[in-house]
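Breakdown of the fold
Listed below, chain by chain, are the residues.
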Amino acid sequence: MKIGVFVCHCGSNIEATVDTAAVAAASREFPDVVFATDTMYTCSEPGQDEIVAAIKEHNLGGVVVASCTPRMHEQTFRRTVERAGLNRYLFEMANIREHVSWIGKDRESNTNKSVDLVRMATEKLMRNRPLYSKKFDINKRVLVIGGGVAGIQAALDCADGGLEVVMVEKAPTIGGKMAKLDKTFPTVDCSSCILGPRMVDVAQHPNITLYAYSEIEEINGYVGNFEIKVKKKATYVDWDSCTGCGICMEKCPSKKATDTFNEGIGKTTAINIPFPQAIPKKAKIDPDFCTKIQKGKCGVCAKLCPSGCINYEMQDEFVTEKVGAIVTATGFDLFDWSIYGEYGAGRYPDVITSLQYERMLSASGPTGGHIKRPSDGKEPKNVVFIQCVGSRDKSVGRPYCSGFCCMYTAKQAILTKDHLPDSQSYVFYMDIRAIGKLYDEFTRRAMEEYDTKYIRGRVSMIYPQGDRLLVRGADTLMGAQVEVDADLVVLAVGAEAAAGAGELAEKLRISYDSYGFYMEGHPKLKPVETNTAGVYLAGACQGPKDIPSSVGQGSAAAAKVLGLFSKDQLESDPQVSVVDIKRCIGCGKCIQTCPFGAIKEMEFRGMAKADVIETICQGCGICTSTCPQGAVQLQHFTDNQILSEVNALCRF
Amino acid sequence: MKFQEELKDSIRKALPDLDVVLGWCGSFDPLHATPHFIRREEDIDKLEISPLSVHNLATYLPGLRGKKVGIVVKGCDSRSVVELLQENLINREDITIFGFPCTGVVDQAKIKKALGHAGNVRTCDISDSAIVIQTEDKAHSLTLTQMLADKCRTCRYPDAIISDYFVGDKIGEPAPLETDYAALEAFESLSVPERFGYWLKELDRCIRCYACRSACPLCVCRDHCAAESRDPHWLSQENNVRDKVMFQVIHAYHMAGRCTECGECQRACPVDIPVLMLKQKMNREIRDIFQYEAGVDPEATPPLLSFNMEEENITEKEW
Ligand SMILES: Cc1cc2nc3c(=O)[nH]c(=O)nc-3n(C[C@H](O)[C@H](O)[C@H](O)COP(=O)(O)OP(=O)(O)OC[C@H]3O[C@@H](n4cnc5c(N)ncnc54)[C@H](O)[C@@H]3O)c2cc1C
Ligand code: SF4
Ligand code: SF4
Ligand code: SF4
Ligand code: SF4
Ligand code: SF4
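Criteria and cut-off values
Here the residue index of a chain counts from 1 through its sequence in written order. The lettering of chains begins at A and the numbering of ligands begins at 1, in the order of writing. Side-chain atom pairs in this predicted model are given and counted only at pLDDT of 80 or more, local residue features only at pLDDT of at least 70, and totals for whole chains, interfaces and linings cover all residues. Processing note: side-chain calculations cover all non-hydrogen atoms of the structure and skip hydrogens and water entirely. A helix here means a DSSP run of H or I that spans at least four residues, while a strand means a run of E at least two residues long, and both kinds are numbered starting from the N terminus. The rule is simple: take the accessible area with a 1.4 Å probe, protein chains only, and divide by the maximum for that residue type; under 20% is buried, over 50% is exposed, in between is partly exposed. Any pair of residues with heavy atoms lying within 4.5 Å of one another is described as a contacting pair. Here the accessible surface of atoms and residues is derived via Shrake-Rupley with a 1.4 Å probe, and residues count as covered only by protein chains that are part of the display. Grid points spaced at 1 Å over the protein atoms alone were grouped into cavities, where a 1.4 Å probe fits but cannot get out, and pockets, open sets with protein on both sides within 12 Å along at least five of seven lines, with lining residues defined by an atom within 4 Å of a point. Grid points are joined across faces, edges and corners, and a volume is the space filled by probe spheres set on the points. Working definition of a nonpolar core: buried Ala, Val, Leu, Ile, Met, Phe, Trp, Tyr and Cys residues. They are joined through side-chain atoms within 4.5 Å. Any two strands with at least two DSSP bridges between them are considered paired. For every element, the axis is a line fit to its C-alpha atoms; helices are fit only across the contacting stretch, and the angle between N-to-C directions ranges from 0 to 180 degrees. Any Lys or Arg side-chain nitrogen located within 4 Å of an Asp or Glu carboxyl oxygen qualifies as a salt bridge. Looking at any residue, its pLDDT shows the predictor's confidence there, from 0 to 100. Two N or O atoms form a polar contact when they lie within 3.5 Å of each other; inside protein one atom must be a possible hydrogen donor and the other a possible acceptor, and for residues adjacent in sequence the pair counts only when both atoms belong to side chains. Gly counts as polar in this scheme, as do all residues outside two lists: the nonpolar Ala, Val, Leu, Ile, Met, Phe, Trp, Tyr, Cys and Pro, and the charged Asp, Glu, Lys and Arg. Near residues are defined by distance, with any heavy atom within 4 Å of the molecule or strand qualifying the residue. Working definition: a disulfide is two cysteine sulfur atoms within 2.5 Å of each other.

Notes on the overall build of chain A
Looking only at helices and strands, chain A has 18 helices and 34 strands in total. Sorting the 652 residues of chain A into buried and exposed places 55% on the buried side. For chain A, restricting intrachain contacts to residue pairs at least 6 apart in sequence, the fraction spanning at least 24 positions comes to 69%. A total of about 28000 Å² of accessible surface is found on chain A, and carbon and sulfur atoms cover 51% of it.

Here it is in structure tokens:
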């Protein structure tokens, strides 16, 4: 193979600490290298043209560019060599910027290391083979998991773009956390007024099929051709005929069921519709509290339902849906704050969470929008807000910032004053993080116009004193102890990954960080992609996010799906594993370890052999390190290609 | 041995349905046994079980796949059978396992050392406590426990772990004469250059005969061993210690968490290289990380042959 080497200066990024001309000169001595030069910006148009010209002039069979990371420019240069008529895999990149010039100052050592890296790249290139993609048909339907504001946005954008959408929501209604909020920062507009119409759009859009109160049971297949098994949990009410009239709910004698929608403020009936604007507006029975299901007596709802939808024998049902892409928008849940003994660990009724407070502020909530102490129903005078409960606290394993708590605490302080003009709010905070558009102005308003007292410091203890609570903490700016008599304490509880996020990630075959938040493809350059092709992220499932960012990411995910589906066929990545059936003994070890289920057993002349399904294989290489025979090899990263790099480096 | 006749009866009963039964019989001299392939009724009488039954006959099983095979196993051999079953390399319904309570086998290298250059062996009498060997010039009396293979001195599974026929009374949980991995731990206390120097010296002797590999019941690649292939080309055929070390490292890695420490590799080595220690090292790490021991549970999946998103004892995401 005739090889050309191009050593990039990257302006002064590389040239400042690497003698690129010397690297090019050294490369000329390597076997097969017939041309080597250094260039100012290889990725620029003249830089790329130089490569094309050199391929033609010197009849090159392969090209090495020594510059930045493959993540940055591999695609760029692959297109360049393709323009000159070479197969895109007859190209290698040596990273002499991130791996060399940016991390060391010693010009001589840097130059030597760069020479080594180029030598490795040329040795590998000599063993590269042209690889070709295969085309396959795609199913242009999309699955959206989670019907919070992010999922709703993604679903509507996809549906408006002409795609068929399947939405699976775990709860009986869509809307997520936003449906529970009273007003939203920084404009203090009513949450259900802006979200409600969107929820209705989901219900009415001809392109959207909604499975509420359903979960993902199983996911098979690959980008373009996923097969999803959805579990429709038993509601004991036939949703096809339920009109949401609510008569059952009025008459149900069992009134002690947990009110999940209202975050446990108050109780609800065993048969219930979560809230008046619920989508779908359908009743469901909570079997744990239904006297008919528990004890066989009652049956009031069945008698009263005008449409005869009640079915106490209903079972979970499974449906299969075929889609080509998946948007995951499962949001977040609140940290279990009862771990904090200093806040009473859940013993004091007048210490509540921020989301419970939202329900209390909401006119459609259990208190009809009146702020009342859960203990005695009295209006509070002093309301203390504590920020960073389960955020930025290593001691409880939550070192990260939940992002939106500073803002909603300011919002809640403002709303408190609106509701109770005589009240006084105090906020214990660590720092105020108000980096969005109009956000800093908003927190300032809480302080300046609404007279909220911000105290910088942690609360060390809350304890009851009479029928009030004494909140003791430090004011670190004053260097003093402070004590506040509180009637109500609201904890700005941090966000954590949604319950069950890990199990879902395993079904989706995507990764998650140690807190359960899903990992994006690249923290900067691929914020909505995952490492599994065809699976995208939207909203707080990827990390705590406020509504504007969640909606933005919902639209971005939809744009990705629409982009993916703009073609009728997809090309498979040829960098997949291939089994050499001569060597394979059919032991199935690779089948067991492949995290993507991409290998199946086949029969060849009566013997069992492994076979990789190239559209499913993600090229992770786990099978190749499992197979003792080396029978399964990852194309473009075969053992021999990697060994040639090792041997180029470890010459002795 | 006491149960030998009982064992022969069991084999006699099972043989009509089997193509072959693997056992041991006498060899070229009274001090050695050899694998015995019982195909006909009359072969049964030659079967002999004694502390000379050193060979792990499970090594033959993958090659006999597709045939109905009976196999006589020591406790340790049965672990290889279990491992082969776990790895889908043999079919349970094709094999019939004959177990017996094993009291240990000898290490011929230890005997050779004790005898020195003694010439031909005339007779060999083995009692519960001693081996009396008559050579050309004199009688040597050796203490049996001292001549036992190292694996027998640490053995915890003397009764076959799985069997279709079991003859004799099970021993149960024995008190090992030595603790596991004591020798390994002593070796690990040496410095890195000392240890590396040791392996360079030991492996320099290796003649790359691959007897260690061929004797291993779990080295099932056979004709496709990474050591002799060009695609992938892990090793050159040059005669240098670097490739010899590399070969043993590859063998040890491929065996991690699969090796049952039957010791066949080391027993087979014509130049007495202590290659088992490399495998023990890997296994000890596997035991510490995954609490796993190879070949004791037919239902288990060896930890390195499975994939988990998150490993309990490996914290890669601690920051
Ligand atoms: C007290 C409080 C006040 C807030 N106030 C504001 C504010 O004023 N302004 C603002 O911008 N932001 C505010 N936020 C933040 C806001 O709630 C989030 O930005 C928003 O909810 C994120 O939307 P999402 O769709 O990503 O997640 P979510 O709202 O959490 O929705 C996720 C949906 O997915 C569903 N789901 C979860 N797991 C599964 C599964 N396995 N299968 C199927 N479905 C599943 C859930 O049931 C839920 O419906 C506030 C947050 C809190 C806690
Ligand atoms: S691990 Fe290797 S030998 Fe075993 S089935 Fe897979 S490819 Fe074949
Ligand atoms: S490289 Fe191997 S283990 Fe990884 S996805 Fe492909 S077939 Fe599965
Ligand atoms: S290791 Fe145990 S089972 Fe194996 S030969 Fe020794 S004593 Fe017998
Ligand atoms: S590597 Fe050695 S000790 Fe381990 S199973 Fe193979 S032959 Fe037995
Ligand atoms: S048996 Fe001994 S000499 Fe032969 S290859 Fe193995 S270690 Fe080397």
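Overview of the overall build of chain B
The helix and strand tally for chain B stands at 11 helices and 8 strands. For chain B, buried positions account for 49% of its 319 residues. Within chain B, residue pairs in contact and separated by at least 24 positions form 66% of the contacts whose partners lie at least 6 positions apart. Split by element, the accessible area of chain B, about 15900 Å² in all, is 51% carbon and sulfur.

Some points on empty space enclosed by the protein
Residues and elements named next belong to chain B. A full pass over the atoms with the stated rule returns 12 cavities of 30 Å³ or more. Reported here for the largest cavity is a volume of approximately 150 Å³. In this structure, the largest cavity is lined by 16 residues; those nearest its centre are R213, C219, C221, C225 and H254.

What to know about the nonpolar core
Counting 77 residues, the largest nonpolar core has A:V142, A:V237, A:I271, A:I285 and A:V561 as the members making the most contacts within it. Among the secondary structure elements, those contributing two or more residues to this core are β6 (141-145), α6 (149-160), β7 (164-168), α7 (191-204), β18 (325-328), α15 (547-564) and β33 (607-612) of chain A. In terms of residue count, the dominant contributor to this core is α6(A) (8 residues). Not counting chain neighbours up to four residues away, the residues in contact with A:V561 comprise A:V142, A:C158, A:L163, A:A325, A:V327 and A:Y536. Counting 43 residues, the second-largest nonpolar core is a separate cluster that includes B:L22, B:V72, B:V81 and B:F98.

Details of unusual backbone geometry
Residues and elements named next belong to chain A. Cis peptide bonds are those with omega within 30 degrees of zero, and the linkage from F185 to P186 qualifies with -10°. The residue Y213 is not glycine, and still its phi comes out positive at about 50°. Here Y213 shows up in the loop between β10 (208-211) and β11 (214-222). The backbone phi angle of C388 is positive, close to 55°, even though this residue is not glycine.

A few points about the sheet that holds strand β3 (residues 62-67) of chain A
Residues and elements named next belong to chain A. Taken in spatial order, the 4 strands of this open sheet run β2-β1-β3-β4, and their pairing is parallel. The outermost strands of the open sheet, each flanked by one partner alone, are β2 (33-39) and β4 (91-95). Pairs of neighbouring strands in the sheet enclose a mean axial angle of 15°, with direction left out of account. Looking at chain direction, strand β1 (residues 3-8) and β2 are connected through 6 bridges and run parallel. The partner of V7 across the bridge, within β2, is D38. Here helix α5 (residues 107-126) sits on the sheet and contacts β1, β2, β3 and β4; the angle it forms with β4, its principal contact strand, is near 160°.

Describing the pattern of salt bridges
Residues and elements named next belong to chain B. For the structure shown, the criterion picks out 63 salt bridges over all chains. Among the ionic pairs, E202 bridges to R205, the shortest N-O distance being 2.8 Å. Residue class for E202 comes out buried when judged on its relative accessible area of 8%. Look at R205 and you get partly exposed, because its relative accessible area is 34%.

A look at the confidence of the model for chain B
Of the residues in chain B, 98% reach a pLDDT of 70 or more, and the chain-wide mean stands at 92. As scored by the predictor, the complex reaches a pTM of 0.70 and an ipTM of 0.85.

Looking at the interface of chain B and chain A
Facing 26 residues of chain B, the contacting portion of chain A comprises 25 residues. On inspection of chain B and its partner chain A, the count reaches 1 salt bridge. The salt bridge involving A:K589 is made with B:E87; its shortest N-O contact spans 2.8 Å. Counting across the interface, chain B meets chain A through 7 residue pairs in polar contact (both at pLDDT 80 or more). Residue composition of the side of chain B that touches chain A, grouped by class: 12 nonpolar, 7 polar and 7 charged.

A look at the site of ligand 2
Every residue near ligand 2 is listed here: A:C584, A:I585, A:G586, A:C587, A:G588, A:K589, A:C590, A:A610, A:C627, A:Q629, A:A631 and A:V632. When grouped by side-chain class, the residues that make up the shell around ligand 2 number 8 nonpolar, 3 polar and 1 charged.

Brief notes about the site of ligand 3
Neighbouring residues of ligand 3: A:S577, A:C594, A:P595, A:F596, A:I599, A:C617, A:Q618, A:G619, A:C620, A:G621, A:I622 and A:C623. Split by residue class, the shell around ligand 3 holds 8 nonpolar, 4 polar and no charged.

Examining the environment of A:F30
All names here are of chain A. Checked against the element boundaries, F30 lands in the loop between α1 (20-27) and β2. Spatially, the C-alpha atoms of F30 and T122 are 8.0 Å apart, while their sequence positions differ by 92 residues. For F30, the residues in contact, after removing those within four places along its chain, are V115, V118, R119 and T122.

Re the pairing of strand β24 (residues 459-465) of chain A
Residue and element names in this part refer to chain A. Where β24 meets strand β25 (residues 468-475), 6 bridges bridge the pair, whose relative direction is antiparallel. Each bridged residue has a counterpart across the sheet, and for Y463 the counterpart in β25 is L470. Counting the residues that bridge the hairpin from β24 to β25 gives 2 residues, and of these G466 lies at a positive phi of roughly 65°.

Comments concerning the state of the cysteines
Residue and element names in this part refer to chain A. The final tally for this structure, using the stated rule, is 1 disulfide over all chains. Across the disulfide, C190 is cross-linked to C193 (sulfur-sulfur distance 2.3 Å). Linking C190 and C193, the disulfide has an S-S dihedral of approximately 90° and is accordingly described as right-handed. On the basis of relative accessible area, C190 is assigned to the partly exposed category, the value being 23%. Between C248, a cysteine without a disulfide, and C245, which holds the nearest cysteine sulfur, the sulfur-to-sulfur distance is 5.9 Å. Classification of C248 as buried rests on a relative accessible area of 10%.

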